[in-house]
Amino acid sequence: MFQKTISELAKGLRAGEFSSVELAQSFLARIQAHDPQLNSVVTVTAEAALAAAGAADERLSNGDAVLLTGIPYLHKDIFCTEGVRTACGSRMLDSFEAPYDATVTLKLKEAGAVMLGKTNMDEFAMGSSNETSFYGPVKNPWDLERVPGGSSGGSAAAVAARLAPLATGTDTGGSIRQPAALCGITGIKPTYGRVSRYGMIAFASSLDQGGAFAASAADAALLLEAMCGFDERDSTSLDRPVEAYSERLDDGIDGLRIGLPKEYFGEGLDPGVAAAIDTAVGEFEKLGAVVRDISLPNSSLAVPAYYVVAPAECSSNLSRMDGVRFGYRCEDPRDLEDLYMRSRGEGFGAEVKRRIMVGTYALSAGYYDAYYLKAQQVRRLIREDFAQAFAEVDIILGPTTPTTAFKLGEKADDPVTMYLSDIYTIAVNLAGLPGMSIPAGFAGGLPVGLHLVGDYFAESRLLNVAHRYQQATDWHTRVPAAFGA
Ligand code: GLN
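Predicted, not measured: the structure shown is a model, and the values here were computed from it.

Colleague: What exactly am I supposed to notice about the environment of Arg-30 here?
Modeller: Mapped onto the elements of the fold, Arg-30 is located in helix H2 (residues 20-38). The buried category is assigned to Arg-30, whose relative accessible area is 10%. It is 34 Å that separates the C-alpha atoms of Arg-30 and Asp-270, two residues lying 240 residues apart in sequence. Here Arg-30 is in contact with Phe-2, Asp-35, Ala-161, Arg-162, Leu-163 and Phe-483, once residues within four sequence places are set aside.

Pasting the structure below:
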């Protein structure tokens, strides 16, 4: 059952081969059996899942089901869920039960998708390895001594081990694409503004974007379609109709112009990763694509600009966590200041504090122009690089990450090295473009991710290109041995 595609599952449900309740039970059993090794799920909502599955079965028998009705999924613990804890990987929100659903949560409920639980993540989505979570690190199912990537590491690891066929994620600088790459699955982050941020706990509001994880592009297309759409409760939401992503999957890619940015194939790229990407490029050529070299000259400025903009925004967003209105509160505060200081001091972890300090500094009166303003100007240059590239090519292709999954603890004490694992993904968020990662082979036994970037609103094209590649290859069907059959 756990190896079936979403459309096979949907067919099976309609044909009465199995019920949604049985489907939920079988994945809940996988979570119970395998998650102790992975630590990818922080809250299992078995009872609610079975109730939702029962309701889905009724819809299915009444004939008013849509494609996701009765399909189980795991939800990143950054999306608010009414009546279910939303902890965002932090001690600060360990006891937080949102009084409302995020728009994405609601949309998936309305579609009839069955939430099995909430996934582990880096604290407030700050990290690239899932090691900053208050709930402990997630393990990579391909090698339990390695990280799954972050910040959506729980979602990526769970889908890689097939503990759920689908999972949600968010991506501020790479948090969907990087863990998808390190876990050997498909992950897509759409154009900024496509998925509502209402009820999605804010890290860096001008960069944060929700998206989808699945084994394949065809499956991810279905989840993404259900998540997208205009939301008047999010002022940055885009009022444009959502395309039926799954209908364009089989379009031909003959003549597709693919650009390879020379900056993404230079120093720091692991030779095994480079070799896998090379082979994939050959595959695209066989499918009729035309490949050419391009340049994104300001690429090297993306990580430094991001580490000014993202901390600046988070320092403001996280100021609401003050120990007064919700979340963690220290014991016996002496006075108001002590309450603020100790609640925040005890509630936040080291990485979050580092970012708040960097951000507060960058925004302070004497430094605003030198750092924040400068970073915003660099952001504009990066956008222009992409605009120029997309005048010449349809899709930009490269590695998602410079290396395969690294060892737990390997980069934990060196934030700068950790930050560099998003070197190829971050510019896409600064520009607000859609991007995705798909499995493209292995290096040293570990999955390699291929990064595809499209122009604004090109989600449909990205999914189509990924799907055509997946029809010609079988990397996306591989399941880590310990979690197979
Ligand atoms: N790894 C990056 C960071 O730590 C990106 C995280 C994300 O996309 N949420 O900020």
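And the narrative resumes.
Colleague: Can you walk me through the packing of aromatic side chains in this structure?
Modeller: Any pair of aromatic rings gets described here by the distance separating the centres and the angle formed by the planes. Tallied over the entire structure, the rule returns 15 aromatic pairs. Ring plane angle 45° and centroid distance 5.4 Å describe the contact between Tyr-100 and Tyr-198, whose orientation is recorded as tilted. One end of the pair, Tyr-100, is in the loop between strand S2 (72-76) and helix H4 (103-111); the other, Tyr-198, is in the loop between strand S5 (186-189) and strand S6 (210-214), with 98 residues separating them in the sequence. Connected via pairs of aromatic rings, a cluster forms that spans Trp-142, Phe-442 and Trp-475. Positioned above the aromatic ring of Phe-2 is the side chain of Arg-30, whose terminal nitrogen or guanidinium carbon lies 3.6 Å from the ring centre. Sitting over the face of the ring of Phe-406, Lys-411 holds its NZ or CZ atom 4.3 Å from the ring centroid.

Colleague: In this structure, what is going on with the site of the ligand? I would like to understand it.
Modeller: In the region of the ligand, 15 residues are neighbours, and Thr-172, Gly-173, Ser-175, Tyr-306 and Asp-422 sit closest. Arg-355 is positioned such that a nitrogen or oxygen atom in its side chain is 2.7 Å from an oxygen atom of the ligand. With the chains in place, 100% of the 290 Å² that the ligand exposes on its own is no longer accessible. At a threshold of 2 Å from the grid points, most atoms of the ligand map onto the largest cavity. Taken together, the residues of the shell around the ligand break down into five nonpolar, seven polar and three charged.

Colleague: What should I look at first to understand helix H1 (residues 6-15) in this one?
Modeller: Residues lying three or four places apart along an α-helix face the same way, a consequence of the helix completing one turn every 3.6 residues. Turning to H1, its buried residues number three or more, namely Ile-6, Leu-9, Ala-10, Gly-12 and Leu-13. With its buried residues spanning 160° around the axis, H1 presents them on a single face. Exposed positions of H1 whose direction lies more than 90 degrees from the buried face are Lys-11 and Ala-15. Those residues of H1 hidden inside the fold are in contact with H2, helix H3 (46-62), strand S4 (166-170) and helix H7 (217-227).

Colleague: I'm lost on empty space enclosed by the protein in this one. Help?
Modeller: Vacant regions in the atomic arrangement are exposed by a probe of water-molecule size rolled over the atoms. With the rule as written, the count across this model stands at three cavities of 30 Å³ or more. Within this model, the largest cavity holds a volume of roughly 80 Å³. Looking at the largest cavity, it is lined by 13 residues, and the ones nearest its centre are Gly-127, Ser-175, Tyr-306, Tyr-307 and Asp-422. Within the residue set of the lining of the second largest cavity, elements represented by two or more residues are strand S10 (435-443) and strand S11 (446-454). Per-element accounting of the lining of the second largest cavity gives the leading share, four residues, to S10.

Colleague: Help me understand the pairing of strand S7 (residues 257-261) in this model?
Modeller: Walk down a regular strand and you will see the side chains alternate between the two sheet faces. The element S7 is largely enclosed, with a buried count of four among its five residues. As paired strands, S7 and strand S9 (residues 395-399) are joined by two bridges and run parallel to one another. Bridging from a neighbouring strand, Gly-259 pairs with Ile-396 of S9.

Colleague: Whenever I open this one, H3 confuses me. Can you help?
Modeller: If you check H3, its first and last C-alpha atoms are 24 Å apart, about what 17 residues at 1.5 Å a residue would give, namely 24 Å. Taken as a whole, H3 has its buried residues at Ala-49, Ala-53, Ala-56 and Leu-60. Buried residues of H3, seen end-on, are gathered within an arc of 60° and therefore sit on one face of the element. For H3, the exposed residues lying more than 90 degrees away from the buried face are Glu-47, Ala-51, Glu-58, Ser-61 and Asn-62. Where H3 is buried, its residues contact H1, H2 and strand S3 (114-119).

Basis of the calculations
Every chain's residues receive numbers from 1 upward, in the order its sequence appears when written. Restriction of local features to residues with pLDDT of at least 70 applies here, the model being predicted, together with a cutoff of 80 or more for giving and counting side-chain atom pairs; totals for whole chains, interfaces and linings are based on all residues. No hydrogens and no water enter the side-chain calculation; it runs on all heavy atoms of the structure. A helix here means a DSSP run of H or I that spans at least four residues, while a strand means a run of E at least two residues long, and both kinds are numbered starting from the N terminus. Exposure classes here rest on a 1.4 Å probe applied to the protein chains alone. A residue is buried below 20% of its type maximum, exposed above 50%, and partly exposed in between. By definition, residues are in contact when any of their heavy atoms lie within 4.5 Å. Two rings from Phe, Tyr or Trp (for Trp, the six-membered ring) form a pair when their centres are within 6.5 Å of each other. A pair whose planes differ by under 30 degrees is stacked, one over 60 is edge-to-face, and the rest are tilted. Distance and angle both matter: a charge sits over a ring if NZ of Lys or CZ of Arg is within 6 Å of the ring centre and within 35 degrees of the ring normal. Only a single heavy atom is needed: when it lies within 4 Å of a molecule or strand, its residue is near that molecule or strand. Pairs of N or O atoms are called polar contacts if they sit within 3.5 Å, as long as, within protein, a hydrogen donor faces a hydrogen acceptor (for residues adjacent in sequence, only side-chain-to-side-chain pairs). Residue exposure ignores everything except the shown protein chains as possible cover, and the areas themselves are Shrake-Rupley values with a 1.4 Å probe. Detection works on a 1 Å grid of protein atoms alone, calling trapped sets that fit a 1.4 Å probe cavities and calling open sets with protein on both sides within 12 Å along at least five of seven lines pockets, with lining residues defined by an atom within 4 Å of a point. Assignment to a cavity or pocket requires that more than half of a molecule's atoms be within 2 Å of the site's grid points. Here the term charged refers only to Asp, Glu, Lys and Arg, the term nonpolar to Ala, Val, Leu, Ile, Met, Phe, Trp, Tyr, Cys and Pro, and the term polar to all other amino acids, Gly among them. Picture the helix axis, draw a direction to every C-beta atom, and the arc is the one those directions span. Grid points are joined across faces, edges and corners, and a volume is the space filled by probe spheres set on the points. Two strands qualify as a pair provided DSSP detects at least 2 bridges between them. A helix's residues, less one, multiplied by 1.5 Å, set its expected span.

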